[in-house]
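This is what each chain is made of:
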Amino acid sequence: MTAIEPRITEENLDPADWDALRKTAHRMVDDMLTYLQSVRDRPAWRPIPSEHKAAFNASPLPLEPQDIDQVYEDYNNDVLSYPMGNIHPRFWAWVIGTGTPSAALYEMLAAGLNPNVGGGDHMANQVEKLVIEWCKEMLGYPAEASGLLVNGGSMANLTGLNVARNVKLLEAGIDVRTHGLTAAPRLRLYCSSETHSSVQRAAEVLGMGSESIHTIPVDSEFRIDLAALQAAINVDRDAGSLPFCVIGSAGTTNTGSIDDLNALADLCEREHLWYHVDGAIGAVAALSPATLPRLHGMERADSLAFDMHKWLHIPFEAGCILIRSREQHYNTFTLTPPYLVHSTRGTAGGDLWPSDYGIQLSRGFLALKVWMSLKEHGIRKLGRSIQQNIDQAQYLKALVEAAPDLELLAPVALNIVCFRYAPSGMDDAALNALNEEILLQIQEQGIAVPSGTKLNGKYALRVSITNHRTLREDFDLLVREVIRLGKAFAHSLPKQ
Ligand SMILES: *Cc1c(COP(=O)(O)O)cnc(C)c1O
């Protein structure tokens, strides 16, 4: 008998030359570390020239393989050249985390192992389980609660409000999973005018409509007005609606204000309402012992949403939802078709299927970068980094107050400072136009990246500090540049 000739006809996507890939991989890691190490030397941001965009978008669909070194070259030329800027020490726009060099490597490990963290018996699910345990502990949330890593605060809010809606309607005799909202009374949920827009998105997605949101005004410190909240609930009950949920903000996006979280918990207990806290920004400030007392009441929430890609500097994407009742959490989402049946043995075993606790079935290994980052830094150091940003916000506030032509536009409750250049003799309309121009100049000149917002009709330069690379002198520079640009443009803008 003659031996069977081994003949490889199948294709696969592994490298033909592993040694060559190894070389490229080492170069990628080296380049990335050099890039991160030198981030302060580059402009905070640069506008993308329109020709660059046009040329890039004209790239044809690749039909045949290209050399990986060429592909990497294209990345360096086309993509790396115009970054968002959020890893720069003077990026303070919106609420965007900075990431860490090591966590970039953790992402690589996660992608290499490439598990689907939806369920089954493998260690990735256990890593997520442990990370959730740690999250509860570090935020002081009850140990018996359940939780899920999600891709961010919006998804965390949606997931929490989904449980809230189902639970409260079930208490009213309506099984919304089966019947939907057709038989439901008018649902009402309460949050302040400063609450993040993802809550409206959630209300819309959950079929309640944005009209289900009863928006409550805020006090002079941008916190929800408790008397107005109580009055709104009374009015809605009298009108036959079903109040079901109150949302407290642990750090609002505009100004970083923190609602009276204990008072909201008391009110929700009294009124039998679901208590959801949006802690996308501020919940992790609990890691700083100096700030923790201001978050008291957060741990009483029925559901607590927070972000890890903001102030914990986990690379995008990572957020978390914690739900006080594991049973209510599970009952909202569990769905097990025959092809996903959980067993007690084999690969479909496992004590935890994360897909029973959220909207996604297939899920990435978000937990790895969180687990490794928490181990690498320890929560005390992360807490110090957060407190450093809070102290820097006070430093910037003092600089603003000391400068005659600058005006603070909101109290500085946490890590966000809103101010404007406001020399005397200009009305609000002129100041709005001027400050918008100052913001654009600061960004386009690559000096720094604050963002803009409007507070009580006044355009504000908004500096939101979730950046472990920022130094105090970065704010000295910012203030100097705002004043310089303000002076330069105060008289050159077209009249409104
Ligand atoms: C950023 C933010 C969100 C949304 O979080 P994403 O991670 O961007 O989805 C929700 N609430 C607040 C207060 C936020 O600042």
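Residues numbered from 1 in each chain as written. Predicted model: local features only at pLDDT ≥ 70, side-chain atom pairs only at ≥ 80, totals over all residues. Heavy atoms only, no water.

Topic: the site of the ligand
- As a structural note, the neighbourhood of the ligand is formed by 14 residues, with Ser-154, Asp-278, Asp-307, His-309 and Lys-310 the closest of them.
- Between the ligand and the protein, one listed contact pairs an oxygen atom with a backbone N or O atom of Gly-153 at 2.8 Å.
- Residue Ser-154 places a side-chain N or O atom 2.6 Å away from an oxygen atom belonging to the ligand.
- When the free accessible area of the ligand is taken as 380 Å², the share hidden by the protein chains comes to 85%. (Near = heavy atom within 4 Å. Polar contact = N/O pair within 3.5 Å; in protein donor to acceptor, adjacent residues only side chain to side chain. Areas by Shrake-Rupley, 256 points an atom, 1.4 Å probe, with all protein chains shown as cover.)

Some details on a nonpolar patch on the surface
- On the surface, Met-32, Phe-56, Tyr-75 and Val-79 cluster together into a nonpolar patch covering about 320 Å² of accessible area.
- Looking at where Phe-56 falls in the secondary structure, it is placed in helix α2 (residues 50–57).
- For Phe-56, a relative accessible area of 40% corresponds to the partly exposed category. (Patch = residues over 30% accessible without salt bridge, like charges linked within 9 Å, V, L, I, M, F, W, Y side chains within 5 Å. Salt bridge = Lys/Arg side-chain N within 4 Å of Asp/Glu carboxyl O. Helix = DSSP H or I, 4+ residues; strand = E, 2+ residues; numbered from the N terminus. Buried < 20%, exposed > 50% of the residue type's maximum accessible area, 1.4 Å probe, protein only.)

Observations regarding helix α6 (residues 153–171)
- Taking 1.5 Å per residue, 19 residues should reach 27 Å; α6 reaches 27 Å between its end C-alpha atoms and fits that length.
- Burial within α6 is extensive, with 15 of its 19 residues counted as buried.
- Looking one or two residues beyond α6, the residue adopting positive phi is Gly-173, at roughly 90 degrees. (Expected span 1.5 Å × (residues − 1).)

A short note on the packing of aromatic side chains
- Summed over all chains, the structure comprises 4 aromatic pairs.
- Centre to centre, the rings of Tyr-72 and Tyr-75 are 6.2 Å apart; their planes meet at 10 degrees, and the pair counts as stacked. Within this pair, Tyr-72 and its partner Tyr-75 are both found in helix α3 (residues 68–79), separated by 3 residues, close to a single helical turn.
- Relative accessible area serves as the criterion here: at 7%, Tyr-72 is assigned to the buried category.
- Aromatic side chains Tyr-330 and Tyr-357 sit 5.6 Å apart centroid to centroid with 55 degrees between the ring planes, which places their arrangement in the tilted category. You can see Tyr-330 sitting in helix α11 (residues 326–333) and its partner Tyr-357 sitting in the loop between α11 and α12 (366–402), a full 27 residues away along the chain.
- Overall, the relative accessible area of 9% leaves Tyr-357 in the buried class.
- The cationic tip of Arg-42 hangs over the ring face of Tyr-35; the distance from NZ or CZ to the ring centre is 3.7 Å.
- A cation over an aromatic ring shows up here: Arg-324 above the ring of Tyr-141, its NZ or CZ 5.7 Å from the ring centre. (Phe/Tyr/Trp six-rings, centres within 6.5 Å; stacked < 30°, edge-to-face > 60°. Lys NZ or Arg CZ within 6 Å of the ring centre and 35° of its normal.)

Observations regarding the sheet that holds strand β4 (residues 213–216)
- Reading across from one edge, β2-β8-β7-β6-β5-β3-β4 is the order of the 7 strands in this open sheet, with mixed pairing throughout. Since the sheet does not close on itself, it has two edges, and those belong to β2 (146–150) and β4, each with one partner. Neighbour-to-neighbour, the strand axes of this sheet turn through a mean angle of 20 degrees, independent of strand direction.
- Where strand β7 (residues 303–307) and strand β8 (residues 319–323) come together, 5 bridges link them in antiparallel fashion. Bridging across to β8, Leu-304 finds its partner in Leu-322.
- This element, helix α5 (residues 123–139), spans β2, β7 and β8 of the sheet and lies at about 110 degrees to β2.
- In the packing of α6 onto the sheet, the strands contacted are β2, β3 (187–192), β5 (242–249), β6 (274–279), β7 and β8, and the crossing angle to β6 comes to about 180 degrees. (Pairing = 2+ DSSP bridges. Axes fitted to C-alpha atoms, helices over the stretch in contact; angles between N-to-C directions. Contact = heavy atoms within 4.5 Å.)

Topic: α5
- An ideal rise of 1.5 Å per residue puts 24 Å on 17 residues; α5 measures up with 24 Å between its terminal C-alpha atoms.
- Looking only at α5, the buried set comprises Ala-124, Asn-125, Val-127, Glu-128, Val-131, Ile-132, Cys-135, Lys-136, Met-138 and Leu-139.
- In the core, the buried residues of α5 are packed alongside β2, β7, β8 and α12.
- Two residues or fewer after α5 comes Gly-140, characterised by a positive phi angle close to 70 degrees.

Quick word on the nonpolar core
- Counting residues in each nonpolar core, the largest one holds 65 residues, and the members touching the most others are Leu-139, Leu-229, Met-298, Leu-304, Phe-306 and Met-308.
- Among the elements that take part in this core, α12 stands out by supplying 8 residues, more than any other.
- A domain split of this core shows at least three residues from each of domain 1 (15–47 + 82–99 + 378–496) and domain 2 (115–377).
- Excluding its chain neighbours within four sequence positions, the residues that come into contact with Leu-229 are Tyr-190, Ile-216, Ile-224, Val-246, Leu-264 and Leu-267.
- Core analysis: the next-biggest nonpolar cluster, separate from the first, contains 31 residues, Ala-164, Leu-169, Met-208 and Ile-213 among them. (Core = buried A, V, L, I, M, F, W, Y, C linked by side-chain atoms within 4.5 Å. Domains from an automatic or database assignment.)

Description of the pattern of salt bridges
- Going through the model one piece at a time under the given rule, you end up with 19 salt bridges.
- Across the salt bridge formed by Asp-351 and Lys-129, the nearest N and O atoms sit 2.3 Å from each other. Of this pair, Asp-351 sits in the loop between α11 and α12 while Lys-129 sits in helix α5, and the two are 222 residues apart along the sequence.
- The residue Arg-300 makes a salt bridge to Asp-266 at a minimum N-O spacing of 2.8 Å. Separated by 34 residues along the polypeptide, Arg-300 in the loop between β6 and β7 and Asp-266 in helix α10 (residues 261–271) bring together distant segments of the chain.
- Through salt bridges with shared partners, a single ionic network connects Arg-40, Arg-90 and Asp-474.

Quick notes on the domain arrangement of the chain
- We note that the domain assignment places domain 1 (15–47 + 82–99 + 378–496) and domain 2 (115–377) within the chain.
- Computed from C-alpha coordinates alone, the two centres of domain 1 and domain 2 are separated by 29 Å.
- Domain 1 puts 33 residues into the contact, and the matching count from domain 2 is 32 residues.
- On the surface where domain 1 and domain 2 come into contact, there are 0 salt bridges.
- Applying the counting criterion to the domain 1 and domain 2 interface returns 11 residue pairs in polar contact (both at pLDDT 80 or more).
- Elements with a minimum of two residues in the side of domain 1 that touches domain 2: α12, β10 (416–421) and β11 (449–455).
- Classifying every residue of the side of domain 1 that touches domain 2 by side-chain character gives 15 nonpolar, 15 polar and 3 charged. (Nonpolar A, V, L, I, M, F, W, Y, C, P; charged D, E, K, R; others polar.)

Quick word on the packing of helix α13 (residues 428–444) against helix α14 (residues 472–489)
- One way to put it is that α13 packs onto α14 with a least axis distance of 9 Å and a crossing angle of 125 degrees. As the angle between them shows, α13 and α14 are arranged oblique. Judged by the sense of rotation from one axis to the other, the crossing of α13 with α14 is right-handed. From α13, Leu-434, Glu-437, Ile-438, Gln-441 and Ile-442 reach across to α14, where they touch Leu-478, Glu-481, Val-482, Leu-485, Gly-486 and Phe-489. (Parallel < 35°, antiparallel > 145°, perpendicular 65-115°, else oblique. Left-handed = near helix turned anticlockwise from the far one by under 90°.)

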